Amino acid sequence: MNHKPTDPDLPDLRQVYEDLTRFREGFSTLLMATIGADAEPEASYAPFVEESGEFYIFVSELSSHTSNLMESGRVAVLFIEDESSTRNLFARRRLSYQCRAEEVARTTDGFETILGRFEGRFGGLITTLKGLSDFHLIRLSPRSARYVTGFAKAFAIDDVALAQIRHIRPT
């Protein structure tokens, strides 16, 4: 990744990546777009924890997004600036990810560690939820992302694990 722009009008990509990381860290929930068995899109949300660049959600079978995630293995995730804090509703800062979704079995090494992170972040309710058999831990593994900070300020992250970021601009 080229961290220093050669053109003074271009943004420093390292700084942009640091900014998007701070932005994401300001959220306790993520918005999701899933596809149901009937191919209809569905929007929802869930509290999450992040570990090693992956997002984890602990969700109930009673929510349709859970079956959507487990059946398709695909999800789009969105973090978006609150309407009350933006200067322009047409250019809200937002970060979206295309992710693979995979259930983490209760018998898997690391299950208890991640649930411990949930309890540390969201309190004792997690102990109760963990005892309910309809709750599933789902790992959302980002594949690519897009970060928009305003008009003509859009960035693509082509390989999230390697932090390969580029400025999207007209050619």
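Residues numbered from 1 in each chain as written. Predicted model: local features only at pLDDT ≥ 70, side-chain atom pairs only at ≥ 80, totals over all residues. Heavy atoms only, no water.

Q: Explain a nonpolar patch on the surface here, please?
A: Taken together, the side chains of Leu89, Phe90 and Phe151 make up a nonpolar region of the molecular surface, amounting to roughly 420 Å² of accessible area. With respect to the element layout, Leu89 can be found in the loop between strand S4 (74-80) and strand S5 (94-104). On the basis of relative accessible area, Leu89 is assigned to the exposed category, the value being 56%. (Patch = residues over 30% accessible without salt bridge, like charges linked within 9 Å, V, L, I, M, F, W, Y side chains within 5 Å. Areas by Shrake-Rupley, 256 points an atom, 1.4 Å probe, with all protein chains shown as cover. Salt bridge = Lys/Arg side-chain N within 4 Å of Asp/Glu carboxyl O. Helix = DSSP H or I, 4+ residues; strand = E, 2+ residues; numbered from the N terminus. Buried < 20%, exposed > 50% of the residue type's maximum accessible area, 1.4 Å probe, protein only.)

Q: Would you mind going over the environment of Phe23 with me for this structure?
A: Turning to its location among the elements, Phe23 is positioned in helix H1 (residues 13-25). Residues Phe23 and Phe79, spaced 56 residues apart in sequence, show a C-alpha to C-alpha distance of 8.4 Å. Once residues within four sequence positions are removed from consideration, Phe23 is found in contact with Phe79, Ile80, Glu81, Arg93, Arg94, Leu95 and Tyr147. (Contact = heavy atoms within 4.5 Å.)

Q: Honestly, empty space enclosed by the protein in this entry has me stumped. Any pointers?
A: One water molecule sets the probe size; rolling that probe over the atoms shows where empty space is left. Summed over all chains, the structure comprises one cavity of 30 Å³ or more. The volume enclosed by the largest cavity comes to roughly 30 Å³. If one sorts the elements of the lining of the largest cavity by residue count, H1 sits on top with three residues. Grouping the amino acids of the lining of the largest cavity by side-chain chemistry returns six nonpolar, no polar and one charged. (1 Å grid on protein atoms, 1.4 Å probe; cavity = no way out; pocket = protein on both sides within 12 Å on 5 of 7 lines; lining within 4 Å. Points joined across faces, edges and corners; volume = space filled by probe spheres on them. Nonpolar A, V, L, I, M, F, W, Y, C, P; charged D, E, K, R; others polar.)

Q: Mind showing me how you'd approach the side chain of Thr34 here?
A: Positionally, Thr34 belongs in strand S1 (residues 29-35). Judged by relative accessible area, which is 2%, Thr34 ranks as buried. Side chain to side chain, Thr34 and Asn68 meet in a polar contact 2.9 Å long. (Polar contact = N/O pair within 3.5 Å; in protein donor to acceptor, adjacent residues only side chain to side chain.)

Q: Would you take a moment to explain unusual backbone geometry for this structure?
A: Most peptide bonds are trans, and most residues other than glycine sit at a negative phi. Despite not being glycine, Ala39 has its phi angle at roughly 65 degrees, a positive value. Note that Ala39 resides in the loop between S1 and strand S2 (41-51). Residue Ala39 is classed as exposed on the basis of its relative accessible area, which comes to 55%. With phi around 60 degrees, Ala152 is a residue other than glycine that occupies positive phi space. Turning to its location among the elements, Ala152 is positioned in the loop between strand S6 (135-150) and strand S7 (153-159). Look at Ala152 and you get exposed, because its relative accessible area is 69%.

Q: What is the right way to read the pairing of S7 from this model?
A: It is a general feature of regular strands that their side chains alternate between the two faces of the sheet. Alignment of S6 against S7, held across five bridges, turns out to be antiparallel. Residue pairing in the sheet places Arg146 in a bridge with Ala156 of S7. With antiparallel pairing between neighbouring strands as the criterion, S6 and S7 make up a hairpin whose turn holds two residues, including Ala152 at a positive phi of roughly 60 degrees. Two elements, S7 and strand S8 (residues 164-168), share five bridges in a ladder whose sense is antiparallel. Note that in S8 the partner of Ile157 across the bridge is Ile165. (Pairing = 2+ DSSP bridges.)

Q: What's the story with the pattern of salt bridges in this structure? I'm lost.
A: Any two side chains of opposite charge can pair if their charged atoms end up close together. Tallying each qualifying case throughout the model produces eight salt bridges. Between Glu83 and Arg92 there is a salt bridge, with its nearest N and O atoms 3.6 Å apart. In this structure Glu83 comes out as exposed when scored by relative accessible area, which is 52%. For Arg92, a relative accessible area of 16% translates into the label buried.

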